[in-house]
Amino acid sequence: MWYAVMSEDHANSLAKRSAARADHLARLTALRDEGRLLVAGPHPAIDSADPGSAGFTGSLVVVEFPSLEQAQAWADADPYIAAGVYSKVTVKPFKPVLP
C-alpha cells in the first residue's frame, strides 16, 4: 500500500534541515532504488523553487510499505525528526489515481 508522509517544519529550522539533509536523502534514495518511492520533496516557504533563506515549511513523501505501522515507524525514524526539523509528521494511506 502507498502512504503519504506529510511533515511540518519547526519555524527557522533551515540550518538544522541543511545539516541533516544527507542522511534524510539517503533513506529516500534507498526506497527509490527499491521501487518503493513515488514522490518526495519539500514545501518551499515562498512561491519559489529555490526559497533561499526563507526555507521550507515541511515535506511530502509518498512511499510504499506493507502496513501503516511500518510506514509510521519509517517516518518516526527520519533524521529530520532527530535533528529538530519536523514539528509534526502525519502518515496516511494513499491511493494513486492519476496520471
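The structure under discussion appears in the preceding block.
Residues numbered from 1 in each chain as written. Predicted model: local features only at pLDDT ≥ 70, side-chain atom pairs only at ≥ 80, totals over all residues. Heavy atoms only, no water.

Caption draft 1: Highlighting the overall build of the protein chain. Helix and strand counts for the protein chain come out as three helices and four strands. Going residue by residue from the N terminus, the α and β elements of the protein chain occur as β-α-β-β-α-α-β. Rg of the C-alpha trace for the protein chain: 13 Å, near the compact-globule value of 13 Å for 99 residues, within the 12% margin. When the backbone C-alpha atoms are referred to their principal axes, the protein chain occupies close to 35 × 30 × 25 Å. A buried classification covers 30% of the 99 residues belonging to the protein chain. Here the analysis covers contacts within the protein chain between residues at least 6 apart in sequence; of these, 74% occur between residues at least 24 apart. When the accessible area of the protein chain is evaluated, it comes to approximately 6,000 Å², of which 56% is carbon and sulfur surface. Taken as two groups, the 9 positive and 11 negative side-chain charges of the protein chain have centres that lie 2 Å from each other. (Helix = DSSP H or I, 4+ residues; strand = E, 2+ residues; numbered from the N terminus. Rg over C-alpha atoms; globule rule 2.2 N^0.38 Å. Buried < 20%, exposed > 50% of the residue type's maximum accessible area, 1.4 Å probe, protein only. Contact = heavy atoms within 4.5 Å. Areas by Shrake-Rupley, 256 points an atom, 1.4 Å probe, with all protein chains shown as cover. Lys, Arg positive; Asp, Glu negative; His and termini not counted. Charge placed at Lys NZ, Arg CZ, Asp CG, Glu CD.)

Caption draft 2: Seen up close, empty space enclosed by the protein. Tallied over the full model, the rule gives one cavity of 30 Å³ or more. Of the pockets and cavities examined, the largest cavity occupies roughly 50 Å³. In terms of lining, the largest cavity is formed by Val5, Ser7, His24, Val61, Trp74, Ala75, Asp78, Ile81, Tyr86 and Val89. Those elements that provide at least two residues to the lining of the largest cavity are strand 1 (2–9), helix 2 (68–76) and strand 4 (86–94). For the lining of the largest cavity, a count of residues per class yields seven nonpolar, two polar and one charged. (1 Å grid on protein atoms, 1.4 Å probe; cavity = no way out; pocket = protein on both sides within 12 Å on 5 of 7 lines; lining within 4 Å. Points joined across faces, edges and corners; volume = space filled by probe spheres on them. Nonpolar A, V, L, I, M, F, W, Y, C, P; charged D, E, K, R; others polar.)

Caption draft 3: How the structure looks around the side chain of His24. As for its placement among the helices and strands, His24 is situated in helix 1 (residues 14–33). On the basis of relative accessibility, which here comes to 6%, the residue His24 falls in the buried class. For His24, the side chain forms a polar contact with the side chain of Asp78, separated by 3.0 Å. Leave out the neighbours within four places in its chain, and His24 touches Asp78, Pro79, Tyr80 and Tyr86. (Polar contact = N/O pair within 3.5 Å; in protein donor to acceptor, adjacent residues only side chain to side chain.)

Caption draft 4: Looking closely at the packing of aromatic side chains. The tally for this structure, following the rule as stated, stands at two aromatic pairs. Residues Phe65 and Trp74 carry aromatic rings whose centres are separated by 5.9 Å and whose planes lie at 45 degrees to one another, so their mutual orientation is tilted. Look at Trp74 and you get buried, because its relative accessible area is 13%. A ring pair is formed by Tyr80 and Tyr86, whose centres lie 5.4 Å apart and whose planes are at 85 degrees; its orientation type is edge-to-face. (Phe/Tyr/Trp six-rings, centres within 6.5 Å; stacked < 30°, edge-to-face > 60°.)

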